[in-house]
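Residue-level structural notes
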Amino acid sequence: MLVQNESEARDGQGRHRGICKVSDPHDAKRFAFPCPHEGLLSSFEAGVAGWCSARCVGWIDACVCREVLPSIASFLTHVLTSDSDIIKTSHVSDVYRVQWAGRDLVVKRYHHSGLTHSLRHTIKGSRARWGWINGQRLLKLGIRTPRPVAYMDEYRGPLLWQSWLITEYVDKPTLHSVLRDVSVPEGRKRRIIHQVLRLVDRLGSRGINHGDMKHTNILCDDGMIVLTDLDGVEIREPGWFHRQRRGRDIARFLRGIAVPGEGTPRPAGFLESERTGRLLRMNGRFRNRELEEALLAGPQALAERFESQPVRSAATSRVCRFAAIFNGVPTGVYLKEYLDRSIWDRLKHLVRPNRAVRALRASQMLSEHGFQAPEVIAVGSRRERAGRVCFTATLEVENAMPIHKYLSSSSNEPPPCSLRERRELLRRLGLTIGRMHREGIVHGDLRPGNVLAHKTVPGSHFPVNGELPTVNGQPTWEFFLLDNERTYRPLHLWGFLRMKNLVQINMLPPDVSRTDRLRFFHTYLLMNPRVR
């Protein structure tokens, strides 16, 4: 039960029951009450709650105080136990849509993440509190955002444990869905993009940075922009640090926006989901709920649901192949799991990203410089008995084989390509590796088995009328680089790094003649004339 003054805030035993003081009758009211959902805690947390008095404190909008405040003590229990509509869930926060006291509300619950996390937010304030303050601030500036209704901080003794932010629900599409809706005209999409950029300039002129300008935090309301997720808003005087943060907001917003004139947005970035001890980042273009669940569950679930087949690989990795459906099209997928080679691997991963993340970044770096690699659709990690296992899932490159299979000859099988095509492959390979070294990129393991070759015409990956097309009577060759976890771009391409790659790519079948090998090196030297 809540009371209106401090004289009624203590019962006969002297325990603090609740306070509701009016700071501004036209603004908001402060409230406090004992934690109403202690029965939902674990046994350990219940013991801690018994040792440290659990309570909730916060502020509520005065306009809804009469409707919501008398029953707010049971509000948290209602959210946790009822079948609320879950909008988003992660290891950081959960977002619910709730019908309460005749109002359509959004409840964002910020989780407890450890004692260090609690101590930090006890000092600087909870994210729910800052979301409440920043929402009120933007509304006073005339910037549209969901109206903050209330926020609550849950304490265990002196430490902040978790917090709750309640706002009104805005039933409008996100910018992410609008940009990917083919029924929305391109002119309207461009106007919305320019409107958001003008809003960023308007906030910047007042020294305000949003902090997380991703497309799912922007709502489109009949030509108006509505900003959400305001707990990371920063207020600073214009200066170098403010300009740097403002540039980060613009870069975060422009990520995934189409280049002017292209008409279609670029593919979405990687969407992250996490469970206990398991992390998965899925490419937004290849969402598949069943596949995501199987990747998080492990290889056994993948074998049962997708009938994955193991592929021969090194002792430090596990590779399997399976078929998945993306946008109604069955597509081959390769999953590579990286195993710890020694205790040093675990120590190195404490100070740098794991091999799966490095493979993703290397593939993106190669793409930026015009080289090709199998498209990564998922990156993740999970804990097993032997330790933490990281993995990458990539699309299969159709009609492609390792280059050594094109170059090896066998009397039992017909050659996969003619002599003329074979010589053209070596020349094209020399040009590709030479251009890669000219760009200053070093591949971590450039053996022939890690380079896929594919006959095609520029811009096409499929045969035409059942036959491979040609250019001037000769097919062109495309190359896809595999095993890129050790591929990087050093500040300077030293001679021993260049020599290592050339020795690796020269590990061709023994029936490749010296003359054919020289065809590779002659075209390589065309791209690197200073190399002796």
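As a starting point, this report considers the structure included with it. (Residues numbered from 1 in each chain as written. Predicted model: local features only at pLDDT ≥ 70, side-chain atom pairs only at ≥ 80, totals over all residues. Heavy atoms only, no water.)

This brings us to the overall build of the protein chain. When its secondary structure is counted, the protein chain shows 16 helices and 22 strands. Going through the 532 residues of the protein chain one by one, you find that 46% of them count as buried. Restricting the contact set of the protein chain to residue pairs at least 6 apart, pairs at least 24 apart contribute 60%. A total accessible area of about 29,000 Å² is found for the protein chain, and carbon and sulfur atoms account for 52% of it. (Helix = DSSP H or I, 4+ residues; strand = E, 2+ residues; numbered from the N terminus. Buried < 20%, exposed > 50% of the residue type's maximum accessible area, 1.4 Å probe, protein only. Contact = heavy atoms within 4.5 Å. Areas by Shrake-Rupley, 256 points an atom, 1.4 Å probe, with all protein chains shown as cover.)

To continue, consider the packing of helix 15 (residues 495-505) against helix 16 (residues 514-527). In contact at an axis separation of 12 Å, helix 15 and helix 16 are set at 150 degrees when each is read in the N-to-C sense. Relative to helix 16, the element helix 15 lies roughly antiparallel. In terms of crossing hand, the pair formed by helix 15 and helix 16 is right-handed. For the pair helix 15 and helix 16, the contacting residues are R498, L502 and I505 in the first and F520, F521 and Y524 in the second. (Axes fitted to C-alpha atoms, helices over the stretch in contact; angles between N-to-C directions. Parallel < 35°, antiparallel > 145°, perpendicular 65-115°, else oblique. Left-handed = near helix turned anticlockwise from the far one by under 90°.)

The next subject is unusual backbone geometry. Trans is the common state for peptide bonds, and a negative phi is the common state for residues other than glycine. Of note in this structure, D229 is not a glycine but carries a positive phi near 55 degrees. Despite not being glycine, D483 has its phi angle at roughly 50 degrees, a positive value. As for its position among the elements, D483 is in the loop between strand 22 (476-481) and helix 15.

Attention shifts here to the environment of D85. Take D85: it is sitting in strand 4 (residues 85-89). Sequence separation of D85 and V95 is ten residues, and the distance between their C-alpha atoms is 8.6 Å. In contact with D85, not counting residues within four places along its chain, are V95, Y96 and R97.

Moving on, we get to the nonpolar core. Grouped burial of nonpolar side chains is what soluble globular proteins tend to show. Counting residues in hydrophobic clusters, the biggest one holds 25 residues, and the most contacted among them are I403, L425, L429, V451 and F479. Secondary structure elements with two or more residues in this core: helix 12 (355-368), helix 13 (403-407), helix 14 (419-438), strand 21 (451-456), strand 22, helix 15 and helix 16. For this core, the element with the highest residue contribution is helix 14, accounting for five residues. For V451, the residues in contact, after removing those within four places along its chain, are M401, P402, I403, L429, L446, F479, F480, L481 and I505. Counting 21 residues, the second largest nonpolar core, distinct from the first, contains L175, I193, I208 and C220. (Core = buried A, V, L, I, M, F, W, Y, C linked by side-chain atoms within 4.5 Å.)

As a further point, take the environment of A378. In this structure, A378 sits in strand 18 (residues 376-384). The class of A378 is buried, set by a relative accessible area of 0%. Separated by 83 residues in the primary sequence, A378 and L295 place their C-alpha atoms 8.8 Å from one another.

Consecutive side chains of a regular strand alternate in pointing toward one face of the sheet and then the other. Side chains I218 and C220 of strand 10 (residues 218-221) all project onto a buried face; the interleaved residues L219 and D221 project onto the opposite face, where all are buried too. Examined bridge by bridge, strand 10 and strand 11 (residues 224-227) share four bridges and lie antiparallel to one another. For C220, the partnering residue across the bridge sits in strand 11 and is I225. Counted between consecutive antiparallel strands, the loop separating strand 10 from strand 11 contains two residues, among which D222 sits at a positive phi close to 50 degrees. (Pairing = 2+ DSSP bridges.)

In terms of burial, strand 17 (residues 329-338) is a largely internal element, seven of the ten residues being buried. With ten bridges connecting them, strand 16 (residues 317-326) and strand 17 associate as antiparallel partners. The residue bridging F326 from the neighbouring strand is V329, located in strand 17. Looking at chain direction, strand 17 and strand 19 (residues 387-395) are connected through six bridges and run antiparallel. Looking at strand 19, one finds that E337 is bridged to F391.

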